[in-house]
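# A look at the structure
Next come the chains, spelled out residue by residue.
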Amino acid sequence: MIRNDVAITPQLVKEHGLTPDEYKRFVDLIGRTPTITELGIVSAMWNEHCSYKSSRLHLRGLPTSAPWVIQGPGENAGVIDIGDGLACIFKMESHNHPSFIEPYQGATTGVGGILRDVFTMGARPIAALNFLRFGEPDHPKTGHLVSGVVAGIGGYGNSFGVPTVGGSVGFHPRYNGNILVNAMAVGLARTDEIFYAAATGIGNPIVYLGSKTGRDGIHGATMASAEFDDASDEKRPTVQVGDPFAEKLLLEACLELMKSGAVIAIQDMGAAGLTSSAVEMGAKGNLGIELDLDKVPCREEGMTAYEMMLSESQERMLMVLKPGMEAEAEAIFVKWGLDFAVIGRTTDTLRFVVKHQGALMADLPIKELGDQAPLYDRPHVPTPPRPVIAPDSVVAPISDAEALIRLVGSPDQCSKRWVWEQYDHLILGNTVQMPGGDAAVVRVENGPKGLALTTDVTPRYCEADPVAGGKQAVAEAWRNITAVGGTPLAITDNLNFGSPERPEVMGQFVGCLKGIAEACRALDFPVVSGNVSLYNETNGQGILPTPAIGGVGLLDDVTVHASIAFKREGDAVILIGNTEGWLGQSIYLAEICGREEGAPPPVDLAAERRNGDFVRQLIRSGQVDTVHDCADGGLALTLAEMAMAGGIGASITGEIDGLASHAFLFGEDQARYVLAVSQEAATDLLYEAAAIGVPAALLGVTGGASLILPGEQTISVSALKTAHESWLPDYMAGKA
Amino acid sequence: MKSAVIVFPGSNREGDVLRALSQAGSQVEKVWHAETALPSGTDLVVLPGGFSYGDYLRCGAIAGRASVMDAVREHAARGGLVLGICNGFQILCESGLLPGILMRNANLKFICHRQFLRVERNDTAFTKRYAQGQAIDVCLAHGEGNYTADAETLRRLEGDGRVAFRYCDATGAVTADANRNGSMNAIAGIYSEKLNVLGMMPHPENLIETLVGGTDGRGLFESLVSSVARAA
């Protein structure tokens, strides 16, 4: 039992993750020594996770508006207009630290949190995606973490009833001590039925909804704002436990209540629980909030104000209700078997007042808790440029065919079927493009529209050149949406980095953001929501800089889309975009030559736009139904994936004079797509491309049971498939 | 035809089956689990997929004892049609309407994938639109779909022609590889003695349109609609 009058010692301040300067700032702000409850509240509001104190300054540089943006960053999720009176509401968020400590629960609560962010705004979730990075496969913890995280994501999403339609899974030793679990949720609402967090009206009831409050997750957000060390396993009690069944009920009850017209404002209790949700509702609405904790439904007896304010128990919501509608609202929650309690009211004092058992536990200025949070311009140094590796300086150690077989079966490039078969990707009956393509495609309600969804970033590019890597991450998301025929509309970003207190890490952060901002501007692809996860670092070793991009695009007619599979024998195979054989930071250089070296491929945003717009128009006009974006592993991997997906081979004869075949096949030049079209259409297509200055070249023809690379190197599609499909199941069974 | 789709707390494929039934030409009404009677004139009761009560006890155990289930049992006893899909199949087993139980999948993981089923007989209200022995392409998504029953029950099910569907490959061959959840006798669905109650793990309701993978699932819903029309 923590009494409210315990003495605030420097040690206690430190344990709450506040620096002496930050504590002094808080004391100056309130003009007295805080109570322990108040110290808890400020530690929750001013940690990195909630206050963005190291990142806020730099996030301001991101473009966040466009005519179709209804709500940019700052709310529970971003909102874009997709026409017909419908809005798409989406966000991606990390649950990295908890997932490393307890992979199943860490991942489930990550999924639960992001779903809540979306339905808090009035949207019914229609799709989930994720972005996962694990340590090297040989690391003793990796298999266990993969198994737990995947089961956790499935366990939550499957039960909740949202299809998990896409994602990315990769491995690298730099994630040995800090895995990444980023979850994205996408929902639909009517544009005139979107709900926000800002409270309005004085004296309105504040209602607590959902599951009861327990002692789980206390200080979770503070834990997520610190580096790990060898004793990190001891932080297991700070991980929350997810209950997808409760969340499903909460979703249905909230949407039903919203329809009734009783809801003025709503905020989910995520990181920092009741504290952060109550403060945000008041601060955004320029109102004070008074809470009576005696009314809070508790799971355990004897909970103190401190514990209730910092609990991160899951599946809870806070709402401001229209006065007089309490009974109607309560009936809906009782029907769904959920707790409903009026726990406070809005005031005109601009104070955040917390009472418990008749005593005043906290009385703080509400706006300052957010506005006056520390803001740091941390020192940052740019990442030194890496040398450009000339294509002819890389000698091929093995044949192209051998290299391709090895790449399709490598941990990063192999099929992730073992993962996505554990996710229900077919529920709701709207999944048009399943996992395994460029972007997932889901139909919007009964059509005709569809959404294209993807998560992307190439961390090794970001490590070598943060600005180029940031640009590439956005460009690749844009390209993946384009490759299915979608018009890219907006992104959510999940910025995963090491400790911001190291200038070189801060330099990566600043550089990546610069690249992201530049690409978003050039491609009309604004950032509407996001999340920053710093301190992904263990014993001084940070992760690769990993700004994951979640992209959303629109298909006006979802029946007109492209997929990667070769569909017919005898189609012409065409490459769009320029090829220079860029091997620096390529998969080929890393996997086949064992060198993670050089500068990453440059990103020409004008070329991206020109080439992409050309490809999209070909899909939309019905001229092309087979497209794959050319990314990791270059042309060879792209062709192999198209052949495997369709069960049809291809004979590739096109080459570039003076370029070694392995540079031609495995170079990772950007802004490229591979298309397959009928021979008749190919002639027109090449002519059209030439007319508007889009580089396009005939590579060969589809057909047969083998992929034949230049120089008569033949690999059977079945051999490719065997290599592609076997690594991950074998690894998880302890055989690889 | 009038169908009633029962919604339990945690049901999550009720919208999918509602769409399939409407498309096949049935009127459909959702019925909350706390009701004690079915809408009058109900021809078909559907227990949809999902995780009723979170599957926190045994799958379907709590829903099998919901108040609406008495009405469902009466409907079945009168010879009314009942279809339980996935969690609905689990609920039928827990409520005593069908024998056996669904255990955890053989690999102890949730699995979601496309799956062929062999139609064992096409003379029931559920399968008229299929050919006997036809391999139909549907979707499967469950963690506990491993059909298990004692030897006597299995003998009875087989002897009375009550196996509705078996997991098979694209050619209709029942192979070990095709039976990924490890069900006894590769059983994917079974009938009640009077053939008016069907429980099945796979989801025909998710394969009703070319755009989202195929139309093999339609036959089941169209069979039901035409059976009821003929009986009327």
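Rules used in this analysis
Residues numbered from 1 in each chain as written. Chains lettered and ligands numbered in written order. Predicted model: local features only at pLDDT ≥ 70, side-chain atom pairs only at ≥ 80, totals over all residues. Heavy atoms only, no water. Helix = DSSP H or I, 4+ residues; strand = E, 2+ residues; numbered from the N terminus. Buried < 20%, exposed > 50% of the residue type's maximum accessible area, 1.4 Å probe, protein only. Contact = heavy atoms within 4.5 Å. Lys, Arg positive; Asp, Glu negative; His and termini not counted. Charge placed at Lys NZ, Arg CZ, Asp CG, Glu CD. Domains from an automatic or database assignment. Salt bridge = Lys/Arg side-chain N within 4 Å of Asp/Glu carboxyl O. Buried area = accessible area lost by both parts, 1.4 Å probe. Polar contact = N/O pair within 3.5 Å; in protein donor to acceptor, adjacent residues only side chain to side chain. Nonpolar A, V, L, I, M, F, W, Y, C, P; charged D, E, K, R; others polar. Phe/Tyr/Trp six-rings, centres within 6.5 Å; stacked < 30°, edge-to-face > 60°. Lys NZ or Arg CZ within 6 Å of the ring centre and 35° of its normal. Pairing = 2+ DSSP bridges. Axes fitted to C-alpha atoms, helices over the stretch in contact; angles between N-to-C directions.

For the rest of this paragraph, the subject is the overall build of chain A. Counting secondary structure elements, chain A contains 25 helices and 28 strands. For the C-alpha atoms alone, the extent of chain A along its principal axes is close to 85 × 50 × 45 Å. Looking at the 736 residues of chain A, the share that counts as buried comes to 65%. Taking the contacts inside chain A whose residues are at least 6 apart along the sequence as the reference set, 85% of them involve residues at least 24 apart. Between the mean site of the 54 positive side-chain charges and the mean site of the 89 negative ones, chain A shows a separation of 4 Å.

Splitting chain A by domain gives domain 1 (1-64 + 196-371) and domain 2 (562-736). Placing a centre on the C-alpha atoms of domain 1 of chain A and another on those of domain 2 of chain A gives a separation of 50 Å.

Right, let's talk about the environment of Val228 of chain B for a bit. All names here are of chain B. Within the secondary structure, Val228 sits in helix α5 (residues 218-231). Here Val228 falls in the buried class, since its relative accessible area comes to 12%. On a C-alpha basis, the gap between Val228 and Ala125 in space is 8.0 Å, while along the polypeptide they are 103 residues apart. With residues near it in sequence (within four places) discarded, Val228 still touches Met1, Asp43 and Leu81.

Our next topic: the pattern of salt bridges. One pass over the structure, following the stated rule, counts 54 salt bridges over all chains. If you follow the salt bridges from partner to partner, you end up with Arg417, Glu421 and Glu725 of chain A together with Arg180 of chain B in one network.

Attention now goes to the interface of chain B and chain A. Listed per partner, the contact involves 24 residues of chain B and 30 residues of chain A. Roughly 2,300 Å² of surface becomes buried between chain B and chain A when both sides are summed, with 58% attributable to carbon and sulfur atoms. When residues of chain B are sorted by the area they lose upon contact with chain A, Arg19, Cys112 and Leu211 of chain B head the list and together hold 26% of the total. The interface formed by chain B and chain A includes 3 salt bridges. When the shortest N-O distance is used, the salt bridge between Arg443 of chain A and Glu209 of chain B registers 2.6 Å. For the pair chain B and chain A, the interface holds 13 residue pairs in polar contact (both at pLDDT 80 or more). Sorting the residues of the side of chain B that touches chain A by element identifies α1 (14-24), β6 (111-119) and β7 (135-142) of chain B as the ones contributing at least two each. Of the residues belonging to the side of chain B that touches chain A, the class tally is 12 nonpolar, 6 polar and 6 charged.

Here we come to the packing of aromatic side chains. Per the counting criterion, the structure on display carries 14 aromatic pairs over all chains. Aromatic side chains Phe134 of chain A and Phe171 of chain A sit 6.1 Å apart centroid to centroid with 35 degrees between the ring planes, which places their arrangement in the tilted category. Here the residue Phe134 of chain A occupies a position in strand β4 (residues 124-134), and Phe171 of chain A occupies one in strand β5 (residues 164-171), the gap between them amounting to 37 residues. We note that Phe134 of chain A, like Phe171 of chain A, is buried. Here the aromatic rings of Phe171 of chain A and Tyr731 of chain A are separated by 6.4 Å at their centres, their planes lie at 75 degrees, and the arrangement is edge-to-face. Placement of the pair is Phe171 of chain A in strand β5 and Tyr731 of chain A in helix α25 (residues 717-732), with a sequence separation of 560 residues. We note that Phe171 of chain A, like Tyr731 of chain A, is buried. Grouped by ring-pair contacts, the aromatic residues Phe134, Phe171, Trp727 and Tyr731 of chain A constitute a single cluster. Over the ring of Trp32 of chain B we find Lys335 of chain A, and its NZ or CZ is 4.9 Å from the ring centre.

Residues and elements named next belong to chain A. Across the sheet, 7 strands lie side by side as β8-β10-β7-β11-β9-β12-β13; this open sheet has mixed pairing. Because the sheet does not close on itself, it has two edges, and the strands there are β8 (263-268) and β13 (359-365). Averaged over all neighbouring strand pairs, the angle between strand axes comes to 25 degrees, with direction disregarded. Relative to β13, strand β12 (residues 351-356) runs antiparallel, the two being bridged by 6 bridges. When the sheet's bridge partners are listed, Lys355 is paired in β13 with Leu360. Where helix α3 (residues 36-46) meets the sheet, its contacts fall on β12 and β13, and the angle it forms with β13 comes to roughly 40 degrees.

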